[in-house]
Amino acid sequence: MAKKLKTNRESERNVLVIVPAYNEAAAIPDTIARIQEYAPYADVVVVNDGSTDNTGRLARASGVPVLELSCNLGIGGAVQAGYRYAVEEGYAYAVQIDADGQHDPRELSRMMDAMKRHEADMVVGSRFLEKEGFQSSFARKRGIELLAALVTVLTGRRVTDPTSGYRLCSRKAAELFAREYPTDYPEVEALIQLDNHHGRFVELPVVMQERQGGVSSISPLKSGYYMVKVILAVLIAKTKKKKRDWSFGYER
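Each chain carries its own residue numbering, running from 1 in the written order of its sequence. Given that the model is predicted, a residue must reach a pLDDT of at least 70 before its local features are reported, and side-chain atom pairs must reach 80 or more before they are shown or counted; all residues, however, enter totals for whole chains, interfaces and linings. Each side-chain value is derived from all of the structure's non-hydrogen atoms; neither hydrogens nor water enter the calculation.

Enquirer: Tell me about the pattern of salt bridges, and please be specific about residues and values.
Expert: In the sections that follow, a salt bridge refers to a side-chain nitrogen of Lys or Arg positioned within 4 Å of a carboxyl oxygen of Asp or Glu. Applying the stated criterion to the full structure yields 10 salt bridges. Its salt-bridge partner being Arg171, residue Glu175 comes within 3.0 Å of it at the nearest N-O pair. Here the residue Glu175 and the residue Arg171 both occupy positions in helix α6 (residues 171-179), the gap between them amounting to four residues, near one helical turn. Accessibility expressed as a relative area gives 29% for Arg171, which makes it partly exposed. A salt bridge links Lys238 to Asp195; its shortest N-O distance comes to 3.2 Å. Of this pair, Lys238 sits in helix α8 (residues 223-238) while Asp195 sits in helix α7 (residues 187-196), and the two are 43 residues apart along the sequence. Given a relative accessible area of 4%, Asp195 falls into the buried group. Each of Arg34, Asp104 and Arg106 takes part in one network of salt bridges that share partners. For the purposes of this entry, the term helix denotes a DSSP run of H or I that reaches at least four residues, the term strand denotes a run of E that reaches at least two, and both are numbered from the N terminus. Partly exposed describes any residue whose relative accessible area lies between the buried limit of under 20% and the exposed limit of over 50%, with all areas from a 1.4 Å probe on protein chains only and scaled to the type maximum.

Below you can see the structure in the form of C-alpha cells.
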C-alpha cells in the first residue's frame, strides 16, 4: 500500500511522482531534491530505463525507490512501468516529471487544483499558454504547433503543448495507461488514447526550464522522422473505436 504522506490536504494525498530516466546522472539528484522540497506530500519513484551511467545509483542514494529496467525500453515503456507501479501500490494520482530538471515541482499543487476544478482525468502542463520560461527551439516549436493543431482537430479540444511530458493523471487515467500505453514518443498519442476512452484532459500554463543535464532523445536529424511517425501514429490511434466507459478496468 502507499505510504502515509505528509499533508492534511485531501486533494494532495496519495500522489506518486514518476520520474523516467535514461542516462540522467547529471540531473537526477537535483530533480529528486526539488520534488522532495517543493512537493513533500508526494512519493517519488524513479524508473531507470537501462541507463549505462550512474543514474540508478544516484537515485537510490537520494532515498527513493528505483524500478530497474533490464534494458532500454524507451520513454513509453519506462512511463508505463511507472503507471503500473502507481496502480499496484494504490495511488490516487500519478504525475510524470522529467529527470532532466525541466519541470518545476512547485507547479504540482496548481495542477492538482485544476484537476479537481475541471473534473479532469489528466492535466497537462503547457509552456505555450502564457509563453513564459523555456520555449524550445524555433524548428521544434513549429513542429509542436503542427501537432497541437492536429490533436485539436481530432479531439475537438484546444491543445497547445501536446509533447509536454509534465502531466498529472487521475486513478482512472493511470489504470488506462498501466494497461496500454504508446511506445515511442508517446505523449501526443496518449492524448488521443485518453480521448478515445472518453477521458477528459485540460492544459494548465506552467513555466519550464532548459534541461539541466543529459541529451534529448530527439536530435535535429531525427526531427523529421519523429514528426512523420507521430502524425501517422495519431491518425491510426484515432481510427480505433471509442470505449463506452472505463469499465475495462486494470488487470495485474
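Enquirer: Which residues make up the pairing of strand β7 (residues 201-205), and what values go with them?
Expert: For β7, the tally of buried residues reaches five of five residues, placing the bulk of the element in the interior. Alternating residues of β7 divide into Phe201, Glu203 and Pro205 and Val202 and Leu204, and every residue in both groups is buried.

Enquirer: Lay out the packing of aromatic side chains in plain terms, naming residues and giving numbers.
Expert: Between rings of Phe, Tyr and Trp, where Trp is taken as its six-membered ring, a pair exists when centres lie within 6.5 Å; planes separated by under 30 degrees are stacked, by over 60 edge-to-face, and by other angles tilted. One pass over the full model with this rule turns up three aromatic pairs. Judged by centre distance (5.5 Å) and plane angle (45 degrees), the ring pair of Tyr83 and Phe177 falls under tilted. Highlighted residues: Tyr83 in helix α3 (residues 75-88) and Phe177 in helix α6, separated in sequence by 94 residues. Here Tyr83 and Phe177 have matching classes, each one buried. Arranged with centres 5.1 Å apart and planes meeting at 80 degrees, the rings of Phe177 and Tyr181 form a pair that is edge-to-face. One aromatic cluster is present, built from ring pairs that chain together Tyr83, Phe177 and Tyr181. Above the plane of the ring of Tyr38 lies Arg106, whose end atom (NZ or CZ) is 4.6 Å from the centre. Here, a charge over a ring means that NZ of Lys or CZ of Arg falls within 6 Å of the ring centre while also lying within 35 degrees of the ring normal. The cationic tip of Arg157 hangs over the ring face of Phe201; the distance from NZ or CZ to the ring centre is 5.2 Å.

Enquirer: Please give an account of unusual backbone geometry that cites residues and values.
Expert: A negative phi angle characterises most non-glycine residues, just as the trans form characterises most peptide bonds. Look at Asn23: it is not a glycine, yet its phi comes out positive at around 50 degrees. With respect to the secondary-structure elements, Asn23 resides in the loop between β1 (15-21) and α1 (28-38). Positive phi, normally seen in glycine, also occurs at His198, with a value near 60 degrees. Mapped onto the elements, His198 comes out in the loop between α7 and β7. You can call His198 partly exposed: its relative accessible area is 44%.

Enquirer: Explain the nonpolar core to me, and be specific about the residues and the numbers.
Expert: Here, the term nonpolar core denotes a set of buried Ala, Val, Leu, Ile, Met, Phe, Trp, Tyr and Cys residues that are joined through side-chain atoms within 4.5 Å. One finds Tyr83, Met122 and Phe177 to be the most contacted residues of the largest nonpolar core, which totals 39 residues. When contributions to this core are tallied by element, the ones reaching two or more residues are β1, β2 (43-49), α3, β5 (122-126), α5 (138-155), α6, α7 and α8. The element that contributes the greatest number of residues to this core is α3, accounting for seven residues. Leave out the neighbours within four places in its chain, and Met122 touches Met115, Arg167, Leu168, Cys169, Phe177, Leu191, Leu194, Arg200, Phe201 and Val202. Counting 31 residues, the second-largest nonpolar core is a separate cluster that includes Ala99, Met115, Val123 and Met208. The contact criterion used throughout is that any non-hydrogen atoms of two residues lie within 4.5 Å.

Any functional reading would require information beyond the geometric quantities listed.
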